[in-house]
Amino acid sequence: QVQLVESGGGLVQPGGSLRLSCAASGSIFSINAMGWHRQAPGKQREFVAGITSGFRTNYVDSVKGRFTISRDNAKNTVYLQMNSLKPEDTAVYYCNAGRGLGAVYIPGDYWGRGTQVTVSS
């Protein structure tokens, strides 16, 4: 079993920044890739960013150049730095423990409970 706990969400004005964190515990040896997904009200959950054990990263087109995913293996933590936030970034953000396929992150079965990000003036 893997436990994932997100933190760092909140209310921010358009153009602002937030940094989300996801701490992993449990059978973390089974994890070799991590990712962030989000779900806005009335919409399906969508992929946002992923990072493999080799630090290869992938992003959805809508966040490229604004969001950065990173990981600290010593702390078993993955981060999502979000800059130039827009109202359409408003969603619950979920951390996921998955696997890497080459340079690509593949979502797995372990999810955190999510953290709310609201971008509004």
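Cut-offs used in this document
- Residues numbered from 1 in each chain as written.
- Predicted model: local features only at pLDDT ≥ 70, side-chain atom pairs only at ≥ 80, totals over all residues.
- Heavy atoms only, no water.
- Helix = DSSP H or I, 4+ residues; strand = E, 2+ residues; numbered from the N terminus.
- Buried < 20%, exposed > 50% of the residue type's maximum accessible area, 1.4 Å probe, protein only.
- Pairing = 2+ DSSP bridges.
- Axes fitted to C-alpha atoms, helices over the stretch in contact; angles between N-to-C directions.
- Phe/Tyr/Trp six-rings, centres within 6.5 Å; stacked < 30°, edge-to-face > 60°.
- Lys NZ or Arg CZ within 6 Å of the ring centre and 35° of its normal.

> Just to check I follow, could you spell out unusual backbone geometry for this structure?
The general pattern is negative phi for most residues beyond glycine and trans for most peptide bonds. Phi is positive for Phe55, close to 65 degrees, though the residue is something other than glycine. Mapped onto the elements of the fold, Phe55 is located in the loop between strand 5 (46-52) and strand 6 (57-59). Residue Phe55 is classed as partly exposed on the basis of its relative accessible area, which comes to 46%. The phi dihedral of Ser84 falls on the positive side, at around 50 degrees, and the residue is not glycine. Here Ser84 shows up in the loop between strand 8 (77-82) and strand 9 (91-101). Judged by relative accessible area, Ser84 falls into the partly exposed class, the value being 39%.

> Just checking my understanding: could you explain the sheet that holds strand 3 (residues 18-26) for this structure?
Within a sheet, adjacent strands bond to each other through the backbone by hydrogen bonds, running parallel or antiparallel. In space, the four strands of this open sheet follow the order 1-3-8-7, with antiparallel pairing throughout. The sheet terminates laterally at strand 1 (2-7) and strand 7 (67-72), the two strands that pair on one side only. Each adjacent strand pair in this sheet contributes to an overall mean axis angle of 15 degrees, direction not counted. Judged from the six bridges that link them, strand 3 and strand 8 form a sheet pairing that is antiparallel. Bridging across to strand 8, Leu18 finds its partner in Met82.

> Please explain the packing of aromatic side chains as it appears in this structure.
When we look at a pair of aromatic rings, we describe it by the centre distance and by the angle of the planes. For the structure on display, the rule yields one aromatic pair. Aromatic pair Phe47 and Tyr105: ring centres 5.9 Å apart, planes at 25 degrees, arrangement stacked. Placement of Phe47 in strand 5 and of Tyr105 in strand 10 (residues 104-111) is noted, with a sequence separation of 58 residues between them. The class for Phe47 is partly exposed, based on a relative accessible area of 26%. Classification of Tyr105 as buried rests on a relative accessible area of 5%. The ring of Tyr94 is capped by Arg45, whose NZ or CZ atom sits 3.7 Å from the centre of that ring.

By themselves, these observations are geometric and do not establish any function.
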